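The lines below spell out each chain.
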Amino acid sequence: MFVKVAYSDKHTGIHSRIIWTCAWSHDSCFFITGSRDKKAVLWKVTDTNSDSCLGPVKACLPFHEAEDSVTAVSMAPLLTPTGHYLIAIGLENGTIHLFTWTDTEEGVWTRCVTLDKTIAHCATVKRLKFRNREGVAGETAADDEEQTKRLQLASCSSDRSVRIFTVSLAGL
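Residues numbered from 1 in each chain as written. Predicted model: local features only at pLDDT ≥ 70, side-chain atom pairs only at ≥ 80, totals over all residues. Heavy atoms only, no water.

K.L.:
Teacher, can you tell me more about the pattern of salt bridges here?
P.N.:
Pairs can form between side chains of opposite charge once their charged atoms are near each other. This structure, assessed with the given rule, holds two salt bridges. As a salt-bridge pair, lysine 39 and aspartate 37 come within 4.0 Å of each other at their nearest N and O atoms. With respect to burial, lysine 39 and aspartate 37 carry one shared label: buried. A salt bridge links lysine 44 to aspartate 103; the shortest N-O distance between them is 3.3 Å. Remark: aspartate 103 occurs in the loop between strand 7 (96-101) and strand 8 (109-115) and lysine 44 occurs in strand 3 (residues 39-45); sequence separation between them is 59 residues. Taking the relative accessible area as the measure of exposure, aspartate 103 reaches 38% and is therefore partly exposed. (Salt bridge = Lys/Arg side-chain N within 4 Å of Asp/Glu carboxyl O. Buried < 20%, exposed > 50% of the residue type's maximum accessible area, 1.4 Å probe, protein only. Helix = DSSP H or I, 4+ residues; strand = E, 2+ residues; numbered from the N terminus.)

Structure follows, in structure tokens:
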């Protein structure tokens, strides 16, 4: 019923502490992991199988090093208007960062927005999830073009709160 496709071990792993979170990209080409070691690592699914335990998966370097433990990650259900992946990263201190990431040799991480404790959470971000379609839930915009310029991101925290943020794609 299940087949193990890839796994990391002490020799192939990038994380040095417990991995707390993971998510797939909307196109299933990438997988992201977040860890207590303050790293967020993107993994690429390739069409070639390596001889290592990682099989068809390889790490995209450089990885992102956060200022605190990475406790939640989510990847947007579409590319930004400029063709980048949009990634939300939640931290143990309650902060949420939004990054764009480019699939190039350099693997460029660009911080777009930081939601600190005043707007995000005052304790550990436990889960992040982008809404799986464009627009704002419950809104029927007369201008459909306006709906396609926004995404929503839900977050929950050990501070016992849930937040929903609307993200404008126009500025990313």
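K.L.:
Can you help me understand the layout of surface pockets in this one?
P.N.:
The gaps left among the atoms become clear once a water-sized probe is rolled over them. Approximately 320 Å³ is the volume attributed to the largest pocket. If you go around the largest pocket, you meet 14 residues; those closest to its centre are Ala6, Tyr7, Phe31, Trp43 and Val57. Broken down by secondary-structure element, the contributors of at least two residues to the lining of the largest pocket are strand 1 (19-24), strand 2 (30-35) and strand 3. Counted by class, the lining of the largest pocket contains eleven nonpolar, three polar and no charged residues. (1 Å grid on protein atoms, 1.4 Å probe; cavity = no way out; pocket = protein on both sides within 12 Å on 5 of 7 lines; lining within 4 Å. Points joined across faces, edges and corners; volume = space filled by probe spheres on them. Nonpolar A, V, L, I, M, F, W, Y, C, P; charged D, E, K, R; others polar.)

K.L.:
Is there a simple way to explain the environment of glutamine 152 in this structure?
P.N.:
Structurally, the position occupied by glutamine 152 is in strand 10 (residues 150-157). For glutamine 152, a relative accessible area of 9% translates into the label buried. Taking the C-alpha atoms as reference points, glutamine 152 and glutamate 134, separated by 18 residues in sequence, lie 7.7 Å from one another. Within the local environment of glutamine 152, its side chain forms a polar contact with the backbone nitrogen of alanine 137, the two atoms lying 2.8 Å apart. (Polar contact = N/O pair within 3.5 Å; in protein donor to acceptor, adjacent residues only side chain to side chain.)

Worth remembering: the numbers are spatial, not functional.
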